[in-house]
Amino acid sequence: MATVTNWIDHLSAKEVQGAIYPGVGSEGILVIIALVLWIGWHVLQNNAESNHLEKLARKRHGANDHKSNITEW
Amino acid sequence: MTDQLAALTTIFTEFYYWITVVLMFLIHVGFCMYEVGASRYKHHQHTLMKNTMLIPLVTVTWFLFGWWIYWAFPTGPGLAPSIMNESAALITDESTFSAKWYQPNTEYMAVNLGDHISGVFWAAFLLFSWTAASIVSGAVIERITTFAFGILAIAIGSVFWTIDAAWGWHFDGWMLKLLGYHDAYASGVIHAIAGGFALGVLIVLGPRIGKFSSSGEPRNIGPRNPWLVTIGLFLIYTGFWGFYAACNIPIFDLGPEYGMEGVTYWTATNIYVTPTTLSGITMNFLMSLSGGLLAGYLISNNDPFWTYSSGLAGIICASAGNDLYHPIQAMIIAMIGVVIAYKLHYFVERKFKIDDAVGAVAVHGYAGVAGLIICGFVLNGYPSSGYSVGSMWVGTDYAPINPLGMFIGAIIMFVVLGLIPGYVIAKVLHGVGKLRIPREVEIAGLDYDLMEAARDDEKAVSSSTR
C-alpha cells in the first residue's frame, strides 16, 4: 500500500513521482466509495427527518407551547 | 522544484490562497450566527444544523463534480471556442487547464509533489460555493426541510454557480468573448445567481405562517437576537476580505502570458488575468462598505439589521468593477445599490407576498444585478481580457466591457442560472412532498422535542439536588 518507502530514493529518482498517498492507482474505487457514502447519507437523513417530522406533527401543540419548554430564559 | 525563485513564487501563491481559505471560513461562521440570530427561538437549533450541513454536502460534491464543471464548461459548450485548443466543445482534452486533470479520480486531486496550487485553488472556489448555498439558506429559514435544503445547496453550490463561473469568471469564458462580461469580485457569479436562486425557491416554498395578514399586509418577524446578527455580519465582512484576496492571482508575469516579446511585467491580477493591485481593491472594499453603511443607515431610518446588511449590499454592488474603480466611484455605486435593494425588497414583499426572512434576495440578488449593470456603464470600453480585444458576438476574441453585454450577463446570472433552476428544483421537491415541513411543526417549532427533552433533563437534574 505504501507509495513511498524511502524518501532519499524517492526524491533522487530521475523523475520524482508526485502522487504520494497510499494506494496510488485505486482512485476510481475511492470515488465510488465516496459516491455511495454521499447518496447513502441523503437516504438515511431523509428517512430520519421524515419520521421525526411525522412524529412531531402528530402531537397537538399550541403556538406558545415552546415557551414552557425553555429552561433558561 | 529545483529553482529557488520558482519555488518561492509557487509556495507564496500556495500560502496566499491557503490564508484566503481560512479567512473565508469566517463567512460561514458569520452566516450561521446571522441565521440563528434572525430565526425565532423555537427554530434555532434546526436553523443552525441546516446551514452547517451544507458544508460537507457541498464539499463532497464539489470534489466529485463541481470543480470539474468549472474547468470543462468555459466554452458553453458550443458558444465560443477555447483559446487553449480552439474548440467550442467541453474542455476535456490534454490542454494545460483542461477539466481532465480535475476529475475526482486523477492523482492531481490529492497530495501531489508536482502540484502545489490545485488544492488551495480548489478550496478557495469551494468556499465561494458554500457562500452561494449559504445565501439561499438564510432566505428559507423556519419552514424548509433539511433534506430539501441539502439538495438545493448542492444544486447552487456545486452545479449552477460553477457553470456561471466557467462562463463568466474564467479567463477562457464565453461570456467574456461574446458579451464583454466583467465581474471581478462576483457581483453576479456569486451574489446575483444566489439571490435569483433563492427567489425561485421562495416562490414555491411560500411565506412563514403568520408573515402576512389575511388582507395581505406583511408583518415584521424581526431578528430575535440582534447581537448575534451583528457579530454574524461583522464576521461576513471579515471573510469577504479574504474572498476579495482569493479572487486575485497574487503574482504573475503578464509579459509572456500575453505573448509580448521581451516584456516582463510582474503584478497581481484579477481572476481574468488582467492587472490590478491588492492595495487598490482594499481601498475600494472599504469605501464600498462605507457607502453601503451610510446609505443603509439613512434609508432604513437607523435600523441596525438593514444598516449592517446594507454594508454588505454596498460591497456586493461595487464588486463587479472594484478591480478598476476609483474608491469614490465604489462608494457612490454602493450607495445606489443599497437604495435599489432596499426599495425592491419591500416592493416585492408587498406585491408578490415573498417572505425573504433575511433579505438575501435583496442584499445579494438585487444589489448584485444592479452592480453588473452599473459596471457596464462605468467600465464601458475597458478590455474584458488581456489576451486580445475584439467585438461583441464574434467569440474568437474578447469583446470589450459594455452596458448591453453586462445587462445580458445580469439576466443570465439572476434569471437563467439562478431563478429558473431554483424554481424548477423547488417545484420537484414540492411535488414529492419533501420541500416544506408540516404546518403543526412550523407552529410548534422545529426544536420542540429538543426543548421538551432539555426541560425534562433540567427537571431530572433539579430533583436530584433536593
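Structure: above.
Residues numbered from 1 in each chain as written. Chains lettered and ligands numbered in written order. Predicted model: local features only at pLDDT ≥ 70, side-chain atom pairs only at ≥ 80, totals over all residues.

Visitor: Provide a residue-level description of the overall build of chain B, including the pertinent values.
Guide: On a plain count of helices and strands, chain B comes out with 15 helices and three strands. Computed over the C-alpha atoms, the radius of gyration of chain B is 23 Å, within 12% of the 23 Å expected from 2.2 N^0.38 for a compact globule of 466 residues. Projected onto its principal axes, the C-alpha coordinates of chain B cover approximately 85 × 45 × 40 Å. In chain B, which comprises 466 residues, the share counted as buried stands at 53%. Contacts in chain B between residues far apart in sequence, at least 24 positions, make up 74% of those at least 6 positions apart. (Helix = DSSP H or I, 4+ residues; strand = E, 2+ residues; numbered from the N terminus. Rg over C-alpha atoms; globule rule 2.2 N^0.38 Å. Buried ≥ 20, exposed ≤ 12 C-beta atoms within 10 Å, placed from the backbone. Contact = placed C-beta atoms within 7 Å.)

Visitor: Please give an account of the overall build of chain A that cites residues and values.
Guide: Check the secondary structure of chain A and you find three helices and zero strands. In sequence order, the secondary structure elements of chain A are arranged as α-α-α. Expressed as a percentage of its 73 residues, the buried residues of chain A come to 5%.

Visitor: How would you sum up the nonpolar core? Please name residues and give values.
Guide: Judged by nonpolar contacts, the single largest core of 150 residues is most densely connected at B:Val136, B:Ala153, B:Ile156, B:Ile193, B:Ala198 and B:Ala367. If you tally residues by element for this core, the top one is helix α4 (residues 146–168) of chain B, at 14 residues. Not counting the four nearest positions on each side in its chain, B:Val136 is found in contact with B:Leu152, B:Ala153, B:Ile156, B:Ala194, B:Phe197, B:Ala198 and B:Val201. In terms of nonpolar packing, the next biggest core, distinct from the first, is built from seven residues, A:Leu56, B:Val441, B:Ala444 and B:Tyr448 among them. (Core = buried A, V, L, I, M, F, W, Y, C linked by C-beta atoms within 7 Å.)

Visitor: Outline the sheet that holds strand β2 (residues 266–269) of chain B, supporting the account with residue identities and numerical values.
Guide: One open sheet holds the three strands; their spatial order is β1-β2-β3 (chain B), and the pairing between them is antiparallel. Across the chains shown, the open sheet's two edge strands, defined by having one partner strand only, are β1 (249–253) and β3 (275–276) of chain B. (Pairing = 2+ DSSP bridges.)

Visitor: Run through the packing of helix α3 (residues 118–139) of chain B against α4(B), naming residues and quoting values.
Guide: Two quantities define a packed helix pair, namely the angle between the helix axes and the distance between the axes. Residue and element names in this part refer to chain B. Running from N to C, α3 and α4 cross one another at 140°; their axes reach a closest spacing of 8 Å. Between α3 and α4, the interaxial angle falls into the category oblique. Between α3 and α4 lies a crossing whose hand is right-handed. Between α3, through Ser-129, Trp-130, Ala-132, Ala-133, Val-136 and Ser-137, and α4, the contact on the second element is made entirely by Phe-149, Leu-152, Ala-153, Ile-156, Gly-157, Ser-158 and Trp-161. Across the contact of α3 with α4, the residue classes break down as nine nonpolar, four polar and no charged. (Axes fitted to C-alpha atoms, helices over the stretch in contact; angles between N-to-C directions. Parallel < 35°, antiparallel > 145°, perpendicular 65-115°, else oblique. Left-handed = near helix turned anticlockwise from the far one by under 90°. Nonpolar A, V, L, I, M, F, W, Y, C, P; charged D, E, K, R; others polar.)

Visitor: Can you lay out the interface of chain B and chain A for me, pointing to particular residues and giving the numbers?
Guide: Across the contact, 33 residues belong to chain B and 26 residues belong to chain A. Among the elements that line the side of chain B that touches chain A, the one with the most residues is helix α15 (residues 448–464) of chain B, at seven residues. Per-class residue counts for the side of chain B that touches chain A are 16 nonpolar, nine polar and eight charged.

Visitor: Tell me what's going on with the environment of B:Ala38, and back it up with residues and numbers.
Guide: All names here are of chain B. Its place among the elements puts Ala-38 in helix α1 (residues 4–38). In the structure, Ala-38 is positioned 72 residues away from Ala-110 in sequence and 39 Å away in space, judged by C-alpha atoms. For Ala-38, the residues in contact, after removing those within four places along its chain, are Gly-138, Ile-141, Pro-223, Val-229, Ala-357 and Val-358.

Visitor: Break down the environment of B:Leu419 for me, with residues and values.
Guide: Residue and element names in this part refer to chain B. For Leu-419, the position within the fold is in helix α13 (residues 403–431). Through-space distance from the C-alpha of Leu-419 to that of Lys-434 is 20 Å; in sequence the pair is 15 residues apart. Not counting residues up to four positions away in its chain, the partners in contact with Leu-419 are Gly-196, Phe-197, Leu-199, Gly-200 and Phe-414.

Visitor: Requested: an account of the packing of α1(B) against helix α7 (residues 226–246) of chain B, with residues and values cited.
Guide: Residues and elements named next belong to chain B. Interaxial distance between α1 and α7 falls to 7 Å at its minimum, and their mutual angle equals 155°. Taken together, the axes of α1 and α7 are roughly antiparallel relative to one another. Between α1 and α7 lies a crossing of left-handed hand.

Visitor: Describe in detail the environment of B:Arg143, supporting the description with residues and values.
Guide: Residue and element names in this part refer to chain B. Its place among the elements puts Arg-143 in the loop between α3 and α4. In this structure Arg-143 comes out as buried when scored by C-beta crowding, with 22 C-beta atoms within 10 Å. Separated by 64 residues in the primary sequence, Arg-143 and Leu-79 have C-alpha atoms spaced 40 Å apart. Beyond its immediate chain neighbours, meaning those up to four positions away, Arg-143 contacts Leu-205, Arg-208, Arg-436, Ile-437 and Glu-442.

Visitor: Any details on the pairing of β2(B)? Residues and values, ideally.
Guide: Looking at chain direction, β1(B) and β2(B) are connected through three bridges and run antiparallel. When the bridges of β2(B) are listed, B:Phe252 appears paired with B:Thr267.

Visitor: Before we move on, could you go through unusual backbone geometry and cite the residues and values that matter?
Guide: Residues and elements named next belong to chain B. A cis amide bond links Gly-76 with the next residue in sequence, Pro-77, at an omega value of 0°. Its place among the elements puts Pro-77 in the loop between α2 (44–72) and α3. Its identity is not glycine, yet Asn-301 carries a phi of approximately 60°, on the positive side. Here Asn-301 lies in the loop between α9 (278–299) and α10 (304–318).

Everything listed is a geometric property; what it means functionally is a separate question.
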